[in-house]
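# Per-entry structural report
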Amino acid sequence: MNPSESDRVHAVVADLRARGIDVVRVAYPDLIGTDRGRDVLVDHLPSVQAHGLAFCRAVFHTTPRGETVAVTGGMDAGLPDVCVYPDLDTLVDIPWEPGVAWCLGETVDPATGRPAAEAPRSLLREVLRRMADETGLRPVVGPELEYFLCEPDPDGRGGWRRYGDAPGNVYVAGRRGDPDGHLLRTLRHLGKLGIGATTGNHEFCSGQFEINLHHSDALDAADRAFRFKASVKELARLEGRLATFMAKPFADEGGSGFHLHLSCVDPVGANAFDDPDGAHGLSTVAHHAIAGVLAHAPALAALLNPTVNSYKRFGPDTLAPWLIDWGLDNRSAMARIPPERGAGARLEIRLGDASANPYLAVAGLLAAVHLGLRDKAMPPPPLEGYGYDAAKAPTLPATLTEALDAFAADDALTALLGAEFTDAFLTYKRDEVARFHRHVTDWEFTEYAYHL
């Protein structure tokens, strides 16, 4: 840490003390987007800023159930460390934790001094660097996430049932779909946190909510989506409830999406997707971007629909994608073009579900857009009418295995994301599939046990 960095961190410490902050929570995303971290007493922040926080690298290879997957560089290397350094530019006070500030961490391999290969935030930063260097464009992203809220029930699935379970509360606000006022409390806390929360409502399904975030530069948008998911889950825990971003937690309800609104700003600050004289009011750049997303959609599914459960959200008439297509203000298409033009011209990529790691979802999407621009690709004509007709467009992968195979086969996309990341991600996710196939489900017992 050079003298100017030392002066800065001591100034930050003085400011934190003056505001009554005595703990800094340093958090970073693992491979699946779960927040990992450590609380640091504020007096020790200068030392942490200089030397980093040591974590076992296998944290990136740890499953949701706490098992360690044999990814290269983890167990085979003797479980070495990574170092996490606080990014002081991301410090915010936590409204529901008095005396605690929260900042994101940068994960570094101490053996090389470079970002850890599996570090999602660093991966996105590298994709953005390549895109800026080679196209001159600055991506702007608006994240849109849904989640289900559950409350304890000893007789429910896993000990939980849907909160406020009642039919027909579609896009409502107030106590009709939210009898305990969960949404208002959460929205107010997120407003004070300063992550760009704007509006919220009860979503389509019972117990399902959506809180909207404004658009911003791609890395900031991914940071805010990561913090949004972590915050909603933490606030639900304070209520004694469970907030889940699982793609489809209930067989009798729809799933939760993670839609990404994407535009690009050119070097003079104009929206590069807008062209009043272009087809559909869109520029050639926008058409290249659409074509890139369509061309790499099977591989993108592995990043934007990253769990076994994800593929139970897909299918005809679900308002979740099933086909690789695009349409003008058409919510049955995988890539929707909202009606706004001018500064509001953008793509809405509806492929992702809420379980996706925001950093990997945005990095993969931008890599596909970059390839579309590089190859000067052009999309087919837009979808006409209601989608879900497999005669009109190819289908997306139907299982996580198919998506992982498509990802592994997409040499252009994985080259942009890096061989080490690709190997780690595929190894981790193929282990997830193998563990699922070894597990005997409740459905199997109910289906077979009595009669067979």
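Our structure's up above, just so we're on the same page.
Cut-offs and rules
Residues numbered from 1 in each chain as written. Predicted model: local features only at pLDDT ≥ 70, side-chain atom pairs only at ≥ 80, totals over all residues. Heavy atoms only, no water. Phe/Tyr/Trp six-rings, centres within 6.5 Å; stacked < 30°, edge-to-face > 60°. Buried < 20%, exposed > 50% of the residue type's maximum accessible area, 1.4 Å probe, protein only. Lys NZ or Arg CZ within 6 Å of the ring centre and 35° of its normal. Helix = DSSP H or I, 4+ residues; strand = E, 2+ residues; numbered from the N terminus. Arc of directions from axis to C-beta. Contact = heavy atoms within 4.5 Å.

What follows concerns the packing of aromatic side chains. If you walk through the whole model with that rule in mind, you get 13 aromatic pairs. On the numbers, 5.4 Å between centres and 65° between planes, the contact of Tyr-386 with Tyr-388 is edge-to-face. Taking the relative accessible area as the measure of exposure, Tyr-388 reaches 10% and is therefore buried. Joined through ring pairs, the aromatic side chains of Tyr-147, Tyr-163, Phe-209, Phe-228 and Phe-245 make up one cluster. Taking NZ or CZ as reference, Arg-38 lies 4.2 Å from the ring centre of Phe-55, over its face. When the ring centre of Phe-250 is taken as origin, the NZ or CZ atom of Arg-162, which lies over that ring, is 4.7 Å away.

This part is about unusual backbone geometry. Excluding glycine, residues mostly have negative phi values, and the peptide bonds linking residues are mostly trans. Phi angles above zero are rare outside glycine, and Leu-79 is one such case at about 55°. Relative to the elements of secondary structure, Leu-79 occurs in the loop between β3 (53–56) and β4 (81–86). At Asp-329, a position not held by glycine, the phi torsion is positive, near 50°. Along the polypeptide, Asp-329 turns up in the loop between β14 (326–328) and β15 (335–337). On the basis of relative accessibility, which here comes to 38%, the residue Asp-329 falls in the partly exposed class.

The next point concerns helix α9 (residues 400–409). In an α-helix, one turn spans 3.6 residues, which is why side chains three or four residues apart end up on the same side. Along α9, the positions that sit buried rather than exposed are Leu-400, Ala-403, Leu-404, Ala-406 and Phe-407. Projected down its long axis, α9 carries its buried residues within an arc of 160°, all on one side. Where α9 is buried, its residues contact α7 (297–304), α10 (411–417) and α11 (419–438).

Along the polypeptide, Lys-376 turns up in the loop between α8 (358–375) and α9. What makes Lys-376 exposed here is its relative accessible area of 61%.

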